[in-house]
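In case you want the letters, here they are:
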Amino acid sequence: MGKYFGTDGFRGEANVNLTADHAYKIGRFLGWYYGEMKRREGSREPACVVIGKDTRRSSYMFEYSLVAGLTASGADAYMLHVTTTPSVAYVTRVDGFDCGIMISASHNPYYDNGIKLINDQGEKMDEETIELVEDYLDGKLVAFGQQWPELPFAQKDKIGCTVDYVSGRNRYIGYLISLGMYSFRGVKVGLDCANGSSWNIAKAAFDALGADTYVLNAEPNGLNINLNAGSTHIEGLQKLVVEKGLDVGFAFDGDADRCLCVDEKGNVISGDHILYIYGRYMKERGKLVTNTVVTTIMSNFGLYKALDDLGIDYAKTKVGDKYVYEYMQQSGARIGGEQSGHIIFSKYASTGDGILTSLKMMEVMLARKKPLSELAAPLKIYPQVLENVRVTDKAVAQADPDVQAKVLVEGADGQLWPAQAVGSVDFIGVVDIALVALALDGDFTVTEDRGELQLAVAVVHGENHYHVGAAGERVGPGVHAEQGNVFNAVVHDDVLGINAQSAVVLGDGRGGEARQNVGGHIHQAAAAKDEH
């Protein structure tokens, strides 16, 4: 990641750390750079860039700033207007644009915004080009063998044009509809559009396929995108599905590159469920190329157990759909994604696509003639918490027998056991950070009088130095031991002299205070300290 651009573009609060001036300069660079590339290849055609935006008030400001920069550098700017991120990727790839730009901060509140850059293949922009953009923003651009303290302005008939390109968005809708293998007639579907990019696209696709659609949060006003709505606030859709007796519900985020589902009983179906359901569907039909589902390190331990039961391999990448897609491209895998609902179907799209995901879930339901709850039932989601631990050497941390041996739990018999005796310790490396995930599957007890969970937490840091928390780390008093409760245990790091909050999850309890000797199942936990 660079100074301005992260894995999901240049994001920040509008006109605070992402300004109209930034947008203008990004447009200036892209218009000049792609035009210069063409000129050096002998073409006299201008660079052509397609732009989409979400419904935030500031998206219009950034759109006009980008267009001004592009056309000032001689590029033609094609405007899709309000549309989804995956639609920009689709149009960029199919219609032969030099690059695409999406203006959105995804699931963030309205006052944030972002600029996502897409290459001519509909994929996230390569790091080399991103670095050039950042160098131009910082006034130190070196490209084509020379320094560019300022870029030339186009003049006369070389100044770029602006083109209304809503037809491109409409072709994307048509593409989605063409992927529908079954009629949705008679199926009652709830759609939560988050007052964002999908507000008219999702309903258009489902209506065309014959569904009875019930739509929430499809009245954007520039200030209400993601406001108690969409995939990050799915409780409204859960209520709608139950109250209206719907067959299924789908919730999108602000730019509709992610989707979460609600089954007919009102239960949330996460990205992990979607990967399981569609991965299994592909496996059963002989369509799961490489026999692999690509996940990130945030996926639930239960997903891996369920995939193992089906004989499906899986890969784990760093967090970010960018890394999922890169792995899929390298390996040839056909499905991958994140727990948050970014799901990539590489045969059909080059990025996560929330509406496409919802159509694929409908396909499985109709093909198997089963409700979503039944399709998801074999996947047992384990309560989980993942925390970062900074280490000097991941390999040393992973291999150290003392850390493995000293992670203890109290069994139902009252004895302390090494984690290996009842579960597993899974170290997942990310750059120079190791995530210590403790996966336990058995009966465990919260002690009656001290309100302490008998779990020794390993905190790994520094070269060849480990501090292992003693059994019986303190749990906050008066915490209800209900299913899925998260208890915060304080672990003291005696080297850095800080206290780190680490989370432990207790499931299957049936109520009461933690001090009431409540039995439960600790299925997955992770404990560590924040990065320092």
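Reading the values: rules and limits
Residues numbered from 1 in each chain as written. Predicted model: local features only at pLDDT ≥ 70, side-chain atom pairs only at ≥ 80, totals over all residues. Heavy atoms only, no water. Helix = DSSP H or I, 4+ residues; strand = E, 2+ residues; numbered from the N terminus. Contact = heavy atoms within 4.5 Å. Phe/Tyr/Trp six-rings, centres within 6.5 Å; stacked < 30°, edge-to-face > 60°. Buried < 20%, exposed > 50% of the residue type's maximum accessible area, 1.4 Å probe, protein only. Lys NZ or Arg CZ within 6 Å of the ring centre and 35° of its normal. Pairing = 2+ DSSP bridges. Axes fitted to C-alpha atoms, helices over the stretch in contact; angles between N-to-C directions. Core = buried A, V, L, I, M, F, W, Y, C linked by side-chain atoms within 4.5 Å. pLDDT = per-residue confidence, 0-100. Salt bridge = Lys/Arg side-chain N within 4 Å of Asp/Glu carboxyl O. 1 Å grid on protein atoms, 1.4 Å probe; cavity = no way out; pocket = protein on both sides within 12 Å on 5 of 7 lines; lining within 4 Å. Points joined across faces, edges and corners; volume = space filled by probe spheres on them. Parallel < 35°, antiparallel > 145°, perpendicular 65-115°, else oblique. Left-handed = near helix turned anticlockwise from the far one by under 90°. Nonpolar A, V, L, I, M, F, W, Y, C, P; charged D, E, K, R; others polar.

Structural notes on the side chain of Arg-28
Line of reasoning, step 1. Among the structural elements, Arg-28 can be located in helix H1 (residues 20–40).
Line of reasoning, step 2. Here Arg-28 is in contact with Gly-69, Leu-70, Ala-72, Ser-73, Tyr-136, Glu-150, Leu-151, Pro-152 and Phe-153, once residues within four sequence places are set aside.

Examining the packing of aromatic side chains
Each aromatic ring pair is specified by the distance between its two centres and by the angle formed by the two planes.
Line of reasoning, step 1. Enumeration over the complete set of coordinates arrives at 21 aromatic pairs.
Line of reasoning, step 2. With a centroid separation of 5.4 Å and an interplanar angle of 75°, the aromatic rings of Tyr-110 and Tyr-111 are classed as edge-to-face.
Line of reasoning, step 3. In this structure Tyr-111 comes out as partly exposed when scored by relative accessible area, which is 40%.
Line of reasoning, step 4. Sitting over the face of the ring of Tyr-304, Lys-316 holds its NZ or CZ atom 4.5 Å from the ring centroid.
Line of reasoning, step 5. Over the ring of Tyr-323 we find Lys-318, and its NZ or CZ is 4.5 Å from the ring centre.

Examining the sheet that holds strand E1 (residues 5–6)
Line of reasoning, step 1. Strand order in the open sheet formed by seven strands is E1-E2-E6-E5-E3-E4-E9, with mixed pairing between adjacent strands. Each of the sheet's edge strands pairs with one partner strand only, and the pair in question is E1 and strand E9 (162–164).
Line of reasoning, step 2. Its contacts with the sheet place helix H3 (residues 85–94) against strand E3 (48–53), strand E4 (76–82), strand E5 (99–103) and strand E6 (112–118), and it is angled at close to 170° to E5.

Things to note about the sheet that holds strand E16 (residues 313–317)
Line of reasoning, step 1. Within the open sheet, the four strands sit side by side as E16-E15-E17-E18. Their pairing is mixed. With partners counted over all chains shown, the strands left at the sheet margins are E16 and strand E18 (343–345), one partner each. Strand-to-strand twist in this sheet, taken as the mean axis angle between neighbours without regard to direction, amounts to 20°.
Line of reasoning, step 2. Sheet contacts for helix H10 (residues 321–331): strand E15 (292–296), E16, strand E17 (335–337) and E18; angle to E15, the most-contacted strand, approximately 155°.

Observations concerning the nonpolar core
Line of reasoning, step 1. One finds Val-189, Phe-206, Phe-250, Ile-277, Ile-335, Met-361 and Leu-372 to be the most contacted residues of the largest nonpolar core, which totals 64 residues.
Line of reasoning, step 2. If one sorts the elements of this core by residue count, helix H11 (residues 354–368) sits on top with eight residues.

Focus: the confidence of the model for the protein
Line of reasoning, step 1. Scored by pLDDT, the protein has a mean of 78; 72% of the residues are at 70 or more.
Line of reasoning, step 2. The model gives residues 406–532 a pLDDT under 50, and that stretch makes 336 contacts with residues more than four places away or in other chains.

Digging into the pattern of salt bridges
Line of reasoning, step 1. The final tally for this structure, using the stated rule, is 21 salt bridges.
Line of reasoning, step 2. For Arg-40, the salt bridge goes to Glu-36, with nearest N and O atoms at 2.9 Å. Linking Arg-40 with Glu-36, this pair stays in helix H1, spanning four residues, or about one helical turn.
Line of reasoning, step 3. By relative accessible area, Arg-40 is classed as partly exposed at 47%.
Line of reasoning, step 4. Counted as one network, the salt bridges with shared partners bring together Asp-8, Arg-11, Lys-116, Lys-124, Asp-255, Asp-257 and Asp-321.

Quick look at the environment of Met-37
Line of reasoning, step 1. In this fold, Met-37 is placed in helix H1.
Line of reasoning, step 2. Looking at Met-37, the relative accessible area reads 29%, which means it is partly exposed.
Line of reasoning, step 3. With 107 residues separating them in the primary sequence, Met-37 and Phe-144 have C-alpha atoms 9.3 Å apart.

Here's the deal with the layout of surface pockets
Line of reasoning, step 1. Looking at the second largest pocket, its volume works out to about 320 Å³.
Line of reasoning, step 2. Lining the second largest pocket are 20 residues, with Arg-39, Pro-46, Ser-73, Gly-74 and Lys-158 sitting closest to its centre.
Line of reasoning, step 3. Residue contributions to the lining of the second largest pocket peak at four residues, all from H1.

Observations concerning the packing of helix H8 (residues 271–284) against H11
Line of reasoning, step 1. It is at 11 Å that the axes of H8 and H11 come closest, and there the two elements cross at 55°. The angle between H8 and H11 falls in the class oblique. The chirality of how H8 crosses H11 is left-handed. Here H8 contributes Ile-274, Ile-277, Tyr-278, Tyr-281 and Glu-284 to the contact with H11, which in turn contributes Thr-357, Lys-360, Met-361, Glu-363, Val-364, Ala-367 and Arg-368.
Line of reasoning, step 2. When the residues that make up the contact of H8 with H11 are grouped by side-chain class, the tally is seven nonpolar, one polar and four charged.

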